[in-house]
Amino acid sequence: MRNYTKDMVVTDGVYRRAKIINLFGASGSGKSTVASGLHYEMKKRWIQAEIAREYAKDVIHQENTHWFEQAVLVLAEQSSRIQFIADKYDYVITDGPIMLASWYAPEKYASAFHSLCRELFDTYENHNFFLYRTHAYDRNGRAEKEEEAKYNEDNMASWLEKIGIPCTPLYSQHDNVQLLLDFLIFNKPLPPKEERPK
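Here the structure is a predicted model, which is why all the values come from computation and not from measurement.

### Here we look at the nonpolar core
Point 1. Judged by nonpolar contacts, the single largest core of 27 residues is most densely connected at Phe24, Met99, Phe113, Met156 and Leu160.
Point 2. By size, the runner-up hydrophobic cluster in this structure holds 20 residues, among which are Val34, Ile93, Phe129 and Leu181.

Listed below in structure tokens is the structure:
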């Protein structure tokens, strides 16, 4: 009988260092939708790309939201999801950027935790985008009420800018996938902020 743990080849033998496509945004902004669409468009062009899904969404679906009180566990899981594939693909798309663990950590959480989040984040070549919600809020599968999501949207982008992580703003609608594909793969400039569809 074949020993799959020993014999299975999981890569093509090429060492890569992925560009991390970080999709920031508040709950319900369309991060997962854009991540799925961008992943599909890349894969059908035979681009070496993979998704590191947001661990926090799994916690919510499992109704284990008390885990959020232990932010270090959320960080460990999300970071490992990126780390395990970052040397196997040219692009890793994530709707759960590492720095979201810092943003959502309980108030007065250990300052060393926030430093660790930043140190892990900075080990990658990051391409950062911030999605603003322009559609009705869908509460299904989300822990936040709409007003809480709006607060995070209003404050998260400025926090990222303040700590030296500027993000390219995008507005949640279907054309974002094509905009990102053109920008990341075909080196086409993004339209000016005021001309991006809303």
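### Observations concerning the side chain of serine 29
Point 1. By the secondary structure assignment, serine 29 is in the loop between strand S1 (19-25) and helix H2 (31-43).
Point 2. Residue class for serine 29 comes out buried when judged on its relative accessible area of 1%.

### Comments concerning the packing of aromatic side chains
Point 1. Under the criterion given, the structure shown has six aromatic pairs.
Point 2. Taking 5.2 Å as the distance between ring centres and 50 degrees as the angle between the ring planes, the aromatic pair formed by tryptophan 103 and tryptophan 159 counts as tilted. Taken together, the positions of tryptophan 103 in helix H5 (residues 99-103) and tryptophan 159 in helix H7 (residues 146-162) put the pair 56 residues apart, joining distant regions of the chain.
Point 3. With a centroid separation of 6.1 Å and 90 degrees between ring planes, the pair formed by phenylalanine 129 and phenylalanine 183 is classed as edge-to-face.

### Notes on the sheet that holds strand S5 (residues 168-171)
Point 1. Spatially, S2-S3-S1-S4-S5 is the arrangement adopted by the five strands of the open sheet, whose pairing is parallel. The strands lining the two open edges of the sheet, one partner per strand, are strand S2 (49-52) and S5. Strand-to-strand twist of the sheet, defined as the mean angle between neighbouring strand axes without regard to direction, takes the value 25 degrees.

Rules behind the numbers
Residues numbered from 1 in each chain as written. Predicted model: local features only at pLDDT ≥ 70, side-chain atom pairs only at ≥ 80, totals over all residues. Heavy atoms only, no water. Core = buried A, V, L, I, M, F, W, Y, C linked by side-chain atoms within 4.5 Å. Buried < 20%, exposed > 50% of the residue type's maximum accessible area, 1.4 Å probe, protein only. Helix = DSSP H or I, 4+ residues; strand = E, 2+ residues; numbered from the N terminus. Phe/Tyr/Trp six-rings, centres within 6.5 Å; stacked < 30°, edge-to-face > 60°. Pairing = 2+ DSSP bridges. Axes fitted to C-alpha atoms, helices over the stretch in contact; angles between N-to-C directions.

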